[in-house]
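Here is what each chain is made of, one letter per residue.
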There are 2 protein chains.
Amino acid sequence: MSFKQLLGEYEVRLDGKGRFRMPSGLLTQLGDWQRGNFVINRGFEKCLVLYPEPVWNEITSEINELNLYNKKNRGFARYFFRGASEVTLDSADRILLPKRLAEYASIDKDMILTAYSGRIEMWSPVEYDKWMEEEPVDFSDLADEVLGGNKEKAAE
Amino acid sequence: MSFKQLLGEYEVRLDGKGRFRMPSGLLTQLGDWQRGNFVINRGFEKCLVLYPEPVWNEITSEINELNLYNKKNRGFARYFFRGASEVTLDSADRILLPKRLAEYASIDKDMILTAYSGRIEMWSPVEYDKWMEEEPVDFSDLADEVLGGNKEKAAE
DNA sequence: TAAAAAAGGTGGTAGAAAGTGGTAATTCGT
DNA sequence: ACGAATTACCACTTTCTACCACCTTTTTTA
């Protein structure tokens, strides 16, 4: 991968046409990949996720292996790919959010970007706060499992 | 690791742009790492935590292994990484606090730095005092639980 | 069905805001 | 009082925002 693990939380604003400018902090981290392709998709939670193409390919390789004659598999694949779109940065480092996706995530004028594990999640500020204000129910258990050396229990 | 375990409590002041100068006491302890990268993140309490990059990498290496198709894992990773950003000292040994993080910790003009276990916690003076005063737990009992070999109660 | 109108998308830019770098002035400890 | 450390500024650069102009596609209407 030509870019390092992405990090950071940014607040951006959409223009009248639903575009946002990629914050320079992320541009720097993306490095050469700035001019490459991205895939934007609905997240499992009420957010959108932006993947640099190589990350997307890695993530979806497993899904693409699934046997689609299996009904469950087919359902999952369809659910996962619903609305995934390829996007690129324009000459002013902007991305146009597909309308239906923005609506799905209740993103209107302001948006929070939060990057981790090679991906960029996009949230409406309201939804983001909702998620972040309360720590996950079993957070301390998980922290113990993941960080406390209690390996067996952590789902890997 | 090229720096010794960090120690000390410092009060610093932010300039108009939200920057603070790393106290010389910490600079000395950081040694060669002064010119390296740091990661700043929200802490579990209402504070921020600054990690020298090697420390951060060690902590996050396990998190980056998690399977993010697992809902619990995803919640944990997102919560853990919320806002983590890479920062460096500028030529005058200053660090610019990301705005959203400063707000999270109610850090405005003054800030307390407290170092231990290879990391530096950053507190608003008000929150810091609150946390230190309210200490309802009998410290010696806690010490016993954590360090006294009374394992059953410690990991909670 | 064609013309007109509206909506959606692309590209660019000026002014404002935020970030960066430097340094003079002040404080602090010895 | 002196040097080191810290704080408070100022000047400059980059980034961000809010537009406008134009092109393309879709919808409406005569």
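Basis of the calculations
Residues numbered from 1 in each chain as written. Chains lettered and ligands numbered in written order. Predicted model: local features only at pLDDT ≥ 70, side-chain atom pairs only at ≥ 80, totals over all residues. Pairing = 2+ DSSP bridges. Helix = DSSP H or I, 4+ residues; strand = E, 2+ residues; numbered from the N terminus. Axes fitted to C-alpha atoms, helices over the stretch in contact; angles between N-to-C directions. Contact = placed C-beta atoms within 7 Å. Least-squares fit on C-alpha atoms with pLDDT ≥ 70 in both. Near = placed C-beta within 6 Å. Nonpolar A, V, L, I, M, F, W, Y, C, P; charged D, E, K, R; others polar. Core = buried A, V, L, I, M, F, W, Y, C linked by C-beta atoms within 7 Å. Buried ≥ 20, exposed ≤ 12 C-beta atoms within 10 Å, placed from the backbone.

Colleague: In this structure, what is going on with the sheet that holds strand β4 (residues 48-52) of chain B? I would like to understand it.
Modeller: Sheet strands line up and pair through hydrogen bonds in the backbone, either parallel or antiparallel. Residues and elements named next belong to chain B. Taken in spatial order, the six strands make up an open sheet running β1-β7-β8-β4-β3-β5, and their pairing is antiparallel. In this open sheet, the two edge strands, each paired with only one partner strand, are β1 (8-13) and β5 (85-88). Each neighbouring strand pair of the sheet contributes to a mean axis angle of 30 degrees, computed without reference to strand direction. Its contacts with the sheet place helix α2 (residues 53-61) against β3 (37-42), β4 and β8 (119-123), and it is angled at close to 105 degrees to β4.

Colleague: Where do I start with the relation of the copies chain B and chain A in this structure?
Modeller: One chain copy maps onto the other through a rotation about an axis and a shift parallel to that axis. For the pair chain B and chain A, the relating rotation is 21 degrees, the translation along its axis is 15 Å, and the fit reaches an RMSD of 1.0 Å. A low fraction, 4%, of the interface residues of chain B reappear at the interface in chain A, so the copies pair through non-equivalent surfaces.

Colleague: For this particular structure, what's the right way to read the interface of chain B and chain A?
Modeller: Note on interface size: it is often stated as the accessible area lost on association of the parts. Across the boundary between the two partners, chain B contributes 25 residues, which contact 20 residues of chain A. At the level of elements, α3 (71-81) and β5 of chain B are the ones that each hand at least two residues to the side of chain B that touches chain A. By residue number, the principal contributor to the side of chain B that touches chain A is α3(B), which donates nine residues.

Colleague: Even after reading the chapter, I still don't get the protein's contact with DNA strand D, so can you show me in this structure?
Modeller: In the region of DNA strand D, 14 residues are neighbours, and A:P23, A:S24, B:R13, B:P23 and B:S24 sit closest. Among the secondary structure elements, those contributing two or more residues to the surface near DNA strand D are β1 (8-13) of chain A together with β1 of chain B. For the surface near DNA strand D, a count of residues per class yields four nonpolar, four polar and six charged.

Colleague: Help me understand the nonpolar core, please; the structure alone is not making it clear to me.
Modeller: A general trend in soluble globular proteins is that nonpolar side chains are found buried together. Counting 67 residues, the largest nonpolar core has A:L48, A:L50, A:M122, B:L48, B:L50 and B:M122 as its most contacted members. Residue contributions to this core peak at five residues, all from strand β7 (residues 110-116) of chain A. Look past the residues within four positions of B:L48 in its chain and what remains in contact with it is B:I40, B:N41, B:R42, B:G43, B:L101, B:A105 and B:M122.

Colleague: Looking at this structure, I do not really get the protein's contact with DNA strand C. What am I missing?
Modeller: The local shell around DNA strand C holds 13 residues, among which A:K17, A:S91, B:K17, B:D90 and B:S91 are the closest. Of the residues belonging to the surface near DNA strand C, the class tally is four nonpolar, three polar and six charged.

Colleague: Would you mind showing me how to read the pairing of strand β4 (residues 48-52) of chain A here?
Modeller: The two faces of a sheet get side chains in turn, since along a regular strand they alternate between them. Residue and element names in this part refer to chain A. Of all the five residues making up β4, five are buried; the element is thus mostly covered by neighbouring parts of the structure. With burial as the criterion, each face of β4 is covered, one bearing L48, L50 and P52 and the other bearing V49 and Y51. Bridging between strand β3 (residues 37-42) and β4 involves five bridges; their strand directions are antiparallel. Each residue of the ladder has a partner; that of I40, found in β4, is L50. The loop that links β3 with its antiparallel partner β4 comprises five residues. With three bridges connecting them, β4 and strand β8 (residues 119-123) associate as antiparallel partners. When the sheet's bridge partners are listed, L50 is paired in β8 with I120.

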